Amino acid sequence: MSMSTTKSGTTATVDTGRRSDSVRALFARNPVLGPTAALLVAIVFFSFATSTFANVDNFSFIVQQSIVVGTLALGQTLVILTSGIDLANASIAVFGTLLMTRLATGHLPGPVAMIVAIVACAAVATLSGLLVSRIKLPPFIVTLGMLAVMTAVTNLYSKGTTWPVPDGLLTWLGTSLYLFGRVQFTMGMVLAAVLFAVTWFVLAKTGWGRHVYAVGNEPEAARLTGIHIDRTLVSVYLVAGVIYGFAAWMALGRTPTADPNAYQTGNLDSITAVVIGGTSLFGGRGGVLGTIVGALIVAVLRSGLTQMGIDSNYQNLATGVLVIGAVAFDQATRRRSA
Amino acid sequence: MSATTVERAAMLTGRGLVKRYGHVTAINGADFDLYPGEVLAIVGDNGAGKSSLIKALTGALQPDAGTIELDGRPVHFHSPLDARRSGIETVYQTLAVAPALDITTNLFLGREIRRDGLLGKLRILDRKAMRTEARNQLDALGIATIQDITQPVESLSGGQRQAVAVARAAMFGSKVVIMDEPTAALGVRETAHVLELIKRISNRGLPVVLISHDMPAVFEVSDRIHVHRLGRRTGVVDPKKVSMSDVVSFITGAEEIPDEAIAW
Ligand SMILES: Nc1ncnc2c1ncn2[C@@H]1O[C@H](COP(=O)(O)OP(=O)(O)OP(=O)(O)O)[C@@H](O)[C@H]1O
Ligand SMILES: [Mg+2]
């Protein structure tokens, strides 16, 4: 506004404005920077505060603990980038764990059981996407409903009990590898890394990725430039559903029982990771790198505070403060740059 | 130029277009004619229905009634993409830019350049080509105040944002370029640039539609002035035969358009 009224020297006005904003601009353009700094500070702090934190086994354990929620958060990131939210992601994944397990127990070969379950997860998430894009229902309501439905379906299907997972492909992601004979990796960690890498690549390097951001940032602009908003939204939920299916497989690698009551706060935990990672709940800003950092921050806080002997209620309190802080920061940068 | 034909045929026409929003009739039986190579200004009061008219012509909204013809053939643009594919580029009043995305991405939104060969089949973008092309286009338009094309559009001034939207239309328009108040947020110098650009596009042989409230600008560049009032075209005048204050009274309805000023 003020710029168009300044008749002379528009360029100069812009330049000085930019210089004083340069730090803010740096953070606005690299949303991963803030969370990464926070993660490093936390790691350094706990390394000095406890004698047990700073060792390779502990780091490996922290990552192992984060992969299921982290992978749920990966799918969640895609949905949130479109300015949506998925409250049903963990319930879909838990349904996936039961479907895989029961199909495999019922003599289907492991790979078939797994593929059927992943397809089922994708189908359920796609249904959410269709309700959001075609019937224009708010994602919060659609996925809240889907959460209730999938929780009920899972309870009915599991008959309310846990099911042991047959050995083989379904538990394979729990297999450990040792790098340099020392650093423990699980196959689940490898799969999570691959999923994050592929999703990052697709978001950054393809037209589809650009469209996901555009649809989330300014749907009307996306529509006027000819992007198919409906198709983009449905495809996002579909891809997220596939990722939830993989999260189900990872969950069985961590604990070889399919438990209908597992990951009950997985949906909120995944949102927490996404938000702390700097992705905007308003859509169109952020990305999967931030989500990795966000998931790690949560896990590092838990691990570090536990090792300092601090009550788990304070861990939740710290996480809560971080979430609110992250959203406040996002809001502030958005308002200034808008 | 190539205008050797004696009788001019309109290249883009609208007949009896209607669009209602609930009780509001935004377009009320509007007609529209655009001839090859001309610069047509559309003027009218706020809320007269100018933006709605060009949205109907470019597939951004679906008219309730009326017909649209491009090169004499009836067309139905179901989405802005259809119109873009037919070579019609539009600078919408809202600019249609995604503020969080960078300039290059915005310029190519929905029309990204892909890599050659297998990588392209995998839909991988050629970001280098897009950046080079974006740079060239902005330079060609004389929009030198934009130094860094990787910066998000929201970090630009209102005028620079408008320049990006104009650049996009100029870049991709192959048949018609339509601009809805492209100079509304611009300073004197930037407005002059856009008017220069309109003349240049016109010299390329492309017709340009310019919606504007800026009378001096309208009189500087337009060949004909389409007067829009209460949702319909009340007449088209020749800027050489009327004054700016005449046009203002046609817009408000204070005066009827005299026959000798009409330029159908
Ligand atoms: N999406 C919409 N929903 C409801 N009413 C609308 C909508 N779009 C336009 N209108 C109404 O239609 C009428 C024409 O609007 P339009 O934007 O076409 O006018 P305009 O001539 O472009 O005005 P301006 O010069 O202010 O840009 C107005 O009364 C407006 O309120
Ligand atoms: Mg308008």
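Basis of the calculations
Residues numbered from 1 in each chain as written. Chains lettered and ligands numbered in written order. Predicted model: local features only at pLDDT ≥ 70, side-chain atom pairs only at ≥ 80, totals over all residues. Heavy atoms only, no water. UniProt positions renumbered as here; feature names shortened; annotations may be inferred. Helix = DSSP H or I, 4+ residues; strand = E, 2+ residues; numbered from the N terminus. Contact = heavy atoms within 4.5 Å. Pairing = 2+ DSSP bridges. Axes fitted to C-alpha atoms, helices over the stretch in contact; angles between N-to-C directions. 1 Å grid on protein atoms, 1.4 Å probe; cavity = no way out; pocket = protein on both sides within 12 Å on 5 of 7 lines; lining within 4 Å. Points joined across faces, edges and corners; volume = space filled by probe spheres on them. Nonpolar A, V, L, I, M, F, W, Y, C, P; charged D, E, K, R; others polar. Expected span 1.5 Å × (residues − 1). Phe/Tyr/Trp six-rings, centres within 6.5 Å; stacked < 30°, edge-to-face > 60°. Buried < 20%, exposed > 50% of the residue type's maximum accessible area, 1.4 Å probe, protein only. Lys NZ or Arg CZ within 6 Å of the ring centre and 35° of its normal. Buried area = accessible area lost by both parts, 1.4 Å probe. Salt bridge = Lys/Arg side-chain N within 4 Å of Asp/Glu carboxyl O. Polar contact = N/O pair within 3.5 Å; in protein donor to acceptor, adjacent residues only side chain to side chain.

- For chain A, the name recorded in an unreviewed UniProt entry is Fructose transport system permease protein, with Kribbella pratensis as its organism.
- According to UniProt, the comment filed for chain A under the heading Subcellular location (unreviewed entry) is "Cell membrane".

**A word on the environment of A:Ala117**
Residue and element names in this part refer to chain A.
- By secondary structure assignment, the location of alanine 117 is in helix α7 (residues 110-133).
- Considered as a pair, alanine 117 and leucine 99 are 18 residues apart in the sequence and their alpha carbons are 5.8 Å apart.
- Those residues in contact with alanine 117, other than ones at most four positions away along the chain, are Gly96, Leu99 and Met100.

**Brief notes about the sheet that holds strand β1 (residues 12-21) of chain B**
Residue and element names in this part refer to chain B.
- Spatially, β2-β1-β4-β5 is the arrangement adopted by the four strands of the open sheet, whose pairing is antiparallel. Edge positions in the sheet fall to β2 (24-34) and β5 (73-74), since each has one partner strand and no second.
- Taken together, the eight bridges between β1 and β2 define a ladder with antiparallel strand orientation. Bridge pairing links threonine 13 to aspartate 33 in β2.
- Against the sheet, helix α1 (residues 50-57) contacts β1, β2 and β4 (65-70), and its axis sits at roughly 65° relative to β2.

**Observations concerning empty space enclosed by the protein**
- Under the counting rule described, the total for this entry stands at one cavity of 30 Å³ or more.
- In this structure, the largest cavity encloses a volume near 90 Å³.
- Lining the largest cavity are A:Leu224, A:Thr225, B:Thr58, B:Pro80, B:Ala83, B:Arg84, B:Ile88, B:Glu89, B:Thr90, B:Tyr92, B:Ala96 and B:Arg168.
- Put simply, the parts of the chain that give the lining of the largest cavity at least two residues each are α2 (80-85) and β6 (88-91) of chain B.
- Partitioning the lining of the largest cavity into residue classes produces six nonpolar, three polar and three charged.

**Quick look at helix α7 (residues 188-203) of chain B**
- For α7(B), built from 16 residues, the straight-helix expectation of 22 Å at 1.5 Å per residue is met to within 8% by its first-to-last C-alpha distance of 23 Å.
- Where α7(B) terminates, the next one or two residues include B:Gly205, which has phi positive at roughly 95°.

**Things to note about the packing of aromatic side chains**
- Counted by the stated rule, this structure contains seven aromatic pairs over all chains.
- On the basis of an interplanar angle of 85° and a centroid distance of 5.6 Å, the ring pair of A:Phe53 and A:Phe59 is categorised as edge-to-face.
- Of the residues examined, A:Phe53 reaches a relative accessible area of 0% and is grouped as buried.
- Assessed through its relative accessible area of 32%, A:Phe59 is described here as partly exposed.
- Seen from their ring centres, A:Trp172 and A:Trp249 are 6.4 Å apart, and the 25° between their planes marks the pair as stacked. Highlighted residues: A:Trp172 in the loop between β1 (163-164) and β2 (176-179) and A:Trp249 in helix α12 (residues 229-254), separated in sequence by 77 residues.
- Look at A:Trp172 and you get partly exposed, because its relative accessible area is 39%.
- By relative accessible area, which is 8% here, A:Trp249 ends up buried.
- Sitting over the face of the ring of A:Tyr213, A:Arg210 holds its NZ or CZ atom 5.4 Å from the ring centroid.
- Cation over ring: B:Arg111 sits above B:Phe172, and NZ or CZ is 3.8 Å from the ring centre.

**Let's talk about the interface of chain B and chain A**
- If you look at the interface, chain B gives 37 residues, while chain A gives 30 residues.
- Both faces combined, the contact of chain B with chain A buries some 2800 Å², and carbon together with sulfur accounts for 57% of it.
- Connecting chain B to chain A are one salt bridge.
- A salt bridge links A:Arg285 to B:Glu154, with the nearest nitrogen and oxygen atoms 2.9 Å apart.
- For the interface between chain B and chain A, the tally reads six residue pairs in polar contact (both at pLDDT 80 or more).
- Among the secondary structure elements, those contributing two or more residues to the side of chain B that touches chain A are α2, α6 (158-172) and α7 of chain B.
- The residue inventory of the side of chain B that touches chain A, partitioned by class, reads 17 nonpolar, nine polar and eleven charged.

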